[in-house]
Amino acid sequence: AQSVTQLDSQVPVFEEAPVELRCNYSSSVSVYLFWYVQYPNQGLQLLLKYLSGSTLVKGINGFEAEFNKSQTSFHLRKPSVHISDTAEYFCAVRMENFNKFYFGSGTKLNVKP
Amino acid sequence: NAGVTQTPKFQVLKTGQSMTLQCAQDMNHNSMYWYRQDPGMGLRLIYYSASEGTTDKGEVPNGYNVSRLNKREFSLRLESAAPSQTSVYFCAGRTGAGEQYFGPGTRLTVT
């Protein structure tokens, strides 16, 4: 069975500090990996995706993530956060050749001045 | 190009009432999805449609039905609403490359 784990439900961080949001998944087959951001009262917006190729993926708003197959992880990082990065972040997985996506429970990033 | 649109944005129902949530996309997606979002639980898949004319159950299909009316439209129906169906509902379409595009959501309250 597929599962996606986001261990941190909330991450408080000061403005201009670095941040890492963790995502681990379980799968016995190849996967595609995604990070989405949700601002209050809005839908989800794609931040970045890993489909194949380089394991370091760059996305919008200065975010990047690294796919680690041996550790089944896809952690999201940003070297310097802004107040405007305050939002909820979701990791998602889709198995190759399947249509279903599985989402983690989300991490709320709270950037403080 | 409106992307993925959902109607209504808000709805309040009484227990036992029925309603249909509408979703339409103009991005030529083959696959479309319905999710519900509840606090601390992320998004859970209700139903999806891999292509026009096909639908399949997701993780939490009980109490819901769907119709893929054509390539553009994918509706979600609650035949007899229950308080446990109070949630935010999101529709999404998927590109061939893999990522999903989400609508703005429908906030449903069942009293």
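The structure displayed is predicted, hence computed values, not measured ones.

(A) Fine view of the overall build of chain B. Assigned secondary structure in chain B consists of zero helices and eleven strands. Counting from the amino terminus, chain B carries its helices and strands in the arrangement β-β-β-β-β-β-β-β-β-β-β. The C-alpha radius of gyration computed for chain B amounts to 13 Å, which stays within 12% of the reference 13 Å derived for 111 residues, consistent with globular compactness. Across its three principal axes, chain B shows a C-alpha extent of roughly 40 × 25 × 25 Å. Looking at the 111 residues of chain B, the share that counts as buried comes to 50%. Look at the contacts in chain B between residues 6 or more apart in sequence, and 53% of them connect residues 24 or more apart. Accessible surface for chain B amounts to roughly 5000 Å². Of this, 49% is attributable to carbon and sulfur atoms. Here chain B contributes 11 positive and 8 negative side-chain charges, whose respective centroids are spaced 6 Å apart.

(B) Fine view of the state of the cysteines. Scanning the entire structure with this criterion turns up two disulfides over all chains. Across the disulfide, Cys-23 of chain A is cross-linked to Cys-91 of chain A (sulfur-sulfur distance 1.9 Å). Here Cys-23 of chain A and Cys-91 of chain A share a disulfide; its torsion about the S-S bond, -65°, makes the bridge left-handed. Taken together, the positions of Cys-23 of chain A in the loop between β3 (19-21) and β4 (24-26) and Cys-91 of chain A in strand β10 (residues 87-95) put the pair 68 residues apart, joining distant regions of the chain. Each member of the pair Cys-23 of chain A and Cys-91 of chain A is classed as buried. Disulfide partner of Cys-23 of chain B: Cys-91 of chain B, at an S-S distance of 1.9 Å. Here the S-S torsion is close to -70°, and the disulfide linking Cys-23 of chain B with Cys-91 of chain B is therefore left-handed. Of this pair, Cys-23 of chain B sits in strand β3 (residues 19-25) while Cys-91 of chain B is found in strand β9 (residues 87-94), placing the two residues 68 residues apart along the sequence.

(C) Broad picture of the sheet that holds strand β1 (residues 4-7) of chain B. All names here are of chain B. The sheet built from four strands is open, its strands ordered β1-β3-β8-β7 with antiparallel pairing. Looking at which strands have only one partner, the edges of the open sheet turn out to be β1 and β7 (64-68). Geometrically, the sheet is characterised by an average inter-axis angle of 20° between neighbouring strands, direction not taken into account. Here three bridges tie β3 to strand β8 (residues 74-78), and the two strands are oriented antiparallel to one another.

(D) Structural view of the interface of chain B and chain A. Of the residues lining the interface, 23 residues belong to chain B; the matching set on chain A comes to 18 residues. Around 1700 Å² of area is buried between chain B and chain A when both sides are counted, 54% of it from carbon and sulfur atoms. Broken down residue by residue, the surface that chain B buries against chain A is led by Leu-43, Glu-99 and Phe-102 of chain B, which jointly contribute 25%. Applying the counting rule to chain B against chain A returns one salt bridge. Salt-bridge contacts for Glu-99 of chain B lead to Lys-49 of chain A; the nearest nitrogen and oxygen are separated by 2.7 Å. Here chain B and chain A share six residue pairs in polar contact (both at pLDDT 80 or more) between them. Contributing elements (two or more residues each) for the side of chain B that touches chain A: β4 (31-37), β5 (43-49), β9 and β10 (100-102) of chain B. Among the elements that line the side of chain B that touches chain A, the one with the most residues is β4 of chain B, at four residues. A per-class count over the side of chain B that touches chain A returns eleven nonpolar, eight polar and four charged.

Calculation notes
- Residues numbered from 1 in each chain as written.
- Chains lettered and ligands numbered in written order.
- Predicted model: local features only at pLDDT ≥ 70, side-chain atom pairs only at ≥ 80, totals over all residues.
- Heavy atoms only, no water.
- Helix = DSSP H or I, 4+ residues; strand = E, 2+ residues; numbered from the N terminus.
- Rg over C-alpha atoms; globule rule 2.2 N^0.38 Å.
- Buried < 20%, exposed > 50% of the residue type's maximum accessible area, 1.4 Å probe, protein only.
- Contact = heavy atoms within 4.5 Å.
- Areas by Shrake-Rupley, 256 points an atom, 1.4 Å probe, with all protein chains shown as cover.
- Lys, Arg positive; Asp, Glu negative; His and termini not counted.
- Charge placed at Lys NZ, Arg CZ, Asp CG, Glu CD.
- Disulfide = S-S within 2.5 Å.
- Pairing = 2+ DSSP bridges.
- Axes fitted to C-alpha atoms, helices over the stretch in contact; angles between N-to-C directions.
- Buried area = accessible area lost by both parts, 1.4 Å probe.
- Salt bridge = Lys/Arg side-chain N within 4 Å of Asp/Glu carboxyl O.
- Polar contact = N/O pair within 3.5 Å; in protein donor to acceptor, adjacent residues only side chain to side chain.
- Nonpolar A, V, L, I, M, F, W, Y, C, P; charged D, E, K, R; others polar.

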